[in-house]
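Understanding the architecture of this molecule
The primary structure of each chain is shown beneath.
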Amino acid sequence: MANVPATFGRFVYFPKWHKRIYLPCFQTCLSLSTNKKFLIDNSETDEDLKHYAEFKKIVKAKNLAHKDGHTCLQVTCKLCQENADGNKWAFVNKTTGSFVCPNCDVKVPLRQVKNSYEKEKLIIDAATVRKTNVYRSTCNAVTQVPKNVCDSLQIKGLKEVDFEILEAGYDPIKKSLHFPLKNATHTIVGEKILYLDGGLEMTLQNANLSGILIHEQSPNQKAIVVTNVLDFLVLIAQRIDTHSIVCLPYGLKTLPQESLPALEKFKELLLWFKCDSLDWDAAKTFSKKLDEKRCLLIRPTDTEPCPFEAQRKRLSIRQIMQKATPVKHKSITTFSSLRSDILSELQNIEKVNGVKWKRFPVLNKLLKGHRKGELTIITGPTGSGKTTFMSEYSLDLALQGVSTLWGSFEIRNARLASTLLRQFVGYSLEKKLHEFDHWATEFEKYPMYFMTFHGQQPLKLVLEAIEHAHYVHDISHVIIDNLQFMMGISSTYRNDKFWEQDNIIAAFRSMATKHNLHVTLVMHPRKEREEDDLTASSIFGSAKASQEADNVLIIQDKRLTSVKGKKYLQIVKNRYSGDLGIMPMEFNKEALSYAFSGQKKKKEKERGHCVNEEIVNNT
């Protein structure tokens, strides 16, 4: 693993391999960097979508071959000379307007594509692009998969010929299996690697991120979609001739929109993820991106586990497949159709509680966890540290894989990111600038995104940016700081700020439910007497804010009104469990943290010394 170039890194995820942990492999892979765009600029967010309607008109006016697919508009590619006969398809995402041509292996802004089609002008040299984008494996000694390696996977019915069909290879030095990832034209654009010592899975791709791992010996209109290589191989060994088998490139982390064209040919997708509520949430999120109408789900219960676990328990794979149910439900349902959902929650109660905070154990005790589909409101006096606390609150979750989008209208993104970095490191880097590159590279590995809005913004633009981020980057947590900065723009409610605020809150409540997001709104309280405690009714505006919210958190700051006054976070509403209470807030100025006290601060200093030694050794 030490020889894997960092420049190809996207991200890494670590499934369980017979419940063993292989720490050296884990630590080595953390050195991989990511090439990720962290700023989501609204001027770019909907630019392609603006041209989508006009592009369709051009396609129809010129009588070009096209097909309205499940997630994309398929259209004859006219960007390069090699496709003069018009037999190559390009794909335009119907949600974002993104234009991808698997044949040219390019992703081009729709504005340029529209001009090219309109003026019939070629803009791509396909031969040059293809030569530049040729994917080269990161391993030098890849051979055919030997029989002993095939047997070591402990998958009944798996044969060497299956690896030959997949064009898979084996690296005896690193003890790793390599599976080529292909785009919609079956061009190899990356690879998925399974390390046998530890079960680590890694995905490496070209910049277009358009490849998937697929097994299809005959044309099928149905496919089973799984998230890891072991489940993928188990299904191959079952010889299911009615379905193709698909393994998602990045597991549960994200499903790039560039990968969708490779799945357009399937009329039915059966999503089969792990027996885990987090996988269940991901399945429902991905099904919306894949078009819910063609998706079936296998509910995660003990009797319908993932394929690898089902084989281990000697359960019938085909019988479990027959229990798949449609994602799309009618407006009215019955208890019978909800039975499996209820059973899944009861069997996974801890995971249903949500993602646990590691820096704030008191919040785990009270709120139980951070769950999707909820609306949280946090308020407190001016200068009480709402933004600082929320940055650490969100950082804690992002470090555990909760993809987070910040909408900071009050302070600049650079300042917010600086705060997050300092909280991540645990001390100021002002006098240790030689450490900056190291810690910045480490921080970039985590799913934290920022909107480029500042000051008052129309609600429509903000919602469009969030929907785009949710679709493209699989955002699951949105923070708006603060709500009042979005007011005063709408002409409809210009004369009534309370009605305008109610409209904004209702929109975010609806978005949280519709897209299964957790939305956190930072709001200012009404002016109260300094000696009085803030309550849920102290939130600025009408009672709608506290009524719509699932959780209401208030920072109570008594330091200015009492000699021995303290600052603490009070949970005054908790719809999930009903538990209320307080969390003391002691501020560590060095780390800008409400979670770091003496012993933790000492550990962070020791951590800094280790980093210095590492930097010195590297130089």
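A brief look at the structure comes next. (Residues numbered from 1 in each chain as written. Predicted model: local features only at pLDDT ≥ 70, side-chain atom pairs only at ≥ 80, totals over all residues. Heavy atoms only, no water.)

This part takes up the overall build of the chain. The secondary structure content of the chain amounts to 21 helices and 25 strands. Burial analysis of the chain (619 residues in total) assigns 55% to the buried set. Summarising the internal contacts of the chain: among those between residues at least 6 apart in sequence, 67% fall at separations of at least 24. Here the chain has roughly 29100 Å² of accessible surface; of this, 52% comes from carbon and sulfur atoms. (Helix = DSSP H or I, 4+ residues; strand = E, 2+ residues; numbered from the N terminus. Buried < 20%, exposed > 50% of the residue type's maximum accessible area, 1.4 Å probe, protein only. Contact = heavy atoms within 4.5 Å. Areas by Shrake-Rupley, 256 points an atom, 1.4 Å probe, with all protein chains shown as cover.)

With that settled, consider the sheet that holds strand β4 (residues 72-76). Strand order in the open sheet formed by five strands is β3-β4-β5-β6-β7, and the pairing between neighbours is antiparallel. Since the sheet does not close on itself, it has two edges, and those belong to β3 (66-68) and β7 (106-108), each with one partner. Within the sheet, the average angular offset between the axes of one strand and its neighbour, ignoring direction, is 20 degrees. Bridge count between strand β5 (residues 89-93) and strand β6 (residues 99-101): two bridges; the pairing is antiparallel. Residue pairing in the sheet places Val-92 in a bridge with Phe-99 of β6. (Pairing = 2+ DSSP bridges. Axes fitted to C-alpha atoms, helices over the stretch in contact; angles between N-to-C directions.)

Next up on the list: the nonpolar core. Leu-153, Phe-163, Leu-177, Leu-233 and Trp-272 are the most contacted members of the largest nonpolar core, which has 39 residues in total. With eight residues, the top contributor of residues to this core is helix α8 (residues 229-237). One finds Met-390, Val-425, Phe-443 and Met-583 within the second-largest nonpolar core, a separate group that totals 37 residues. (Core = buried A, V, L, I, M, F, W, Y, C linked by side-chain atoms within 4.5 Å.)

Let us look at helix α4 (residues 110-119). Among all positions of α4, only Leu-110, Val-113, Lys-114, Ser-116 and Tyr-117 are buried. All buried residues of α4 project into a common sector of 165 degrees when viewed along the axis, lining one side. Where α4 terminates, the next one or two residues include Glu-120, which has phi positive at roughly 50 degrees. (Arc of directions from axis to C-beta.)

This part covers the pairing of strand β13 (residues 222-226). Counted residue by residue, β13 has four buried out of five residues, so it is predominantly covered. Pairing analysis gives four bridges linking β13 to strand β15 (residues 268-271), with the strands arranged parallel. When the sheet's bridge partners are listed, Lys-222 is paired in β15 with Glu-268. Of the strand pairs in this sheet, β13 and strand β14 (residues 244-247) are connected by four bridges, and their pairing is parallel. Directly across from Val-225, in β14, lies its bridge partner Val-246.

Following Asp-481, the chain continues to Asn-482 via a peptide bond in cis, the omega torsion being -5 degrees. One can find Asn-482 in the loop between β21 (477-481) and α19 (497-515). Although it is not a glycine, Asn-63 sits at a positive phi angle of roughly 55 degrees. Checked against the element boundaries, Asn-63 lands in the loop between α3 (47-61) and β3. The exposure class assigned to Asn-63 is exposed, which follows from its relative accessible area of 70%. A positive phi is found at Arg-239, a non-glycine position, where the angle reads about 55 degrees. Along the chain, Arg-239 turns up in the loop between α8 and β14. Of the residues examined, Arg-239 reaches a relative accessible area of 35% and is grouped as partly exposed.

Once that is clear, we can look at the sheet that holds β14. By way of backbone hydrogen bonds, the strands of a sheet pair with one another, either parallel or antiparallel. If you walk across this open sheet you meet the six strands as β12-β14-β13-β15-β16-β17, and the pairing is mixed. Both edges of this open sheet fall to β12 (213-215) and β17 (325-326), since each of them pairs with a single strand only. The strands touched by α8 are β12, β13 and β14; relative to β14, the strand with the most contacts, the crossing angle is about 170 degrees.

Looking now at the side chain of His-515. Within the secondary structure, His-515 sits in helix α19. Once residues lying within four places of it in the same chain are set aside, the contact partners of His-515 are Lys-288, Glu-467 and His-470.

Contact pair helix α15 (residues 386-398) / helix α16 (residues 413-425): the axes reach a minimum separation of 10 Å and the direction vectors enclose 60 degrees. Classified by the angle between their axes, α15 and α16 sit oblique to one another. Here α15 and α16 pass one another in a crossing that is right-handed. Facing α15, whose interface residues are Thr-388, Ser-391, Glu-392, Ser-394 and Leu-395, α16 presents Leu-416, Thr-419, Leu-420, Gln-423 and Phe-424. Within the contact of α15 with α16, the residues separate by chemical class into four nonpolar, five polar and one charged. (Parallel < 35°, antiparallel > 145°, perpendicular 65-115°, else oblique. Left-handed = near helix turned anticlockwise from the far one by under 90°. Nonpolar A, V, L, I, M, F, W, Y, C, P; charged D, E, K, R; others polar.)

With that out of the way, let us pick up the pairing of strand β25 (residues 581-584). Regular strands show a simple pattern: their side chains alternate between the two faces of the sheet. Where strand β24 (residues 567-574) meets β25, four bridges bridge the pair, whose relative direction is antiparallel. Across the sheet, the residue bridging to Tyr-568 is Pro-584, located in β25. Taken together, β24 and the strand that follows it, β25, pair antiparallel across an intervening segment of six residues, in which Gly-578 is found at a positive phi of about 85 degrees.

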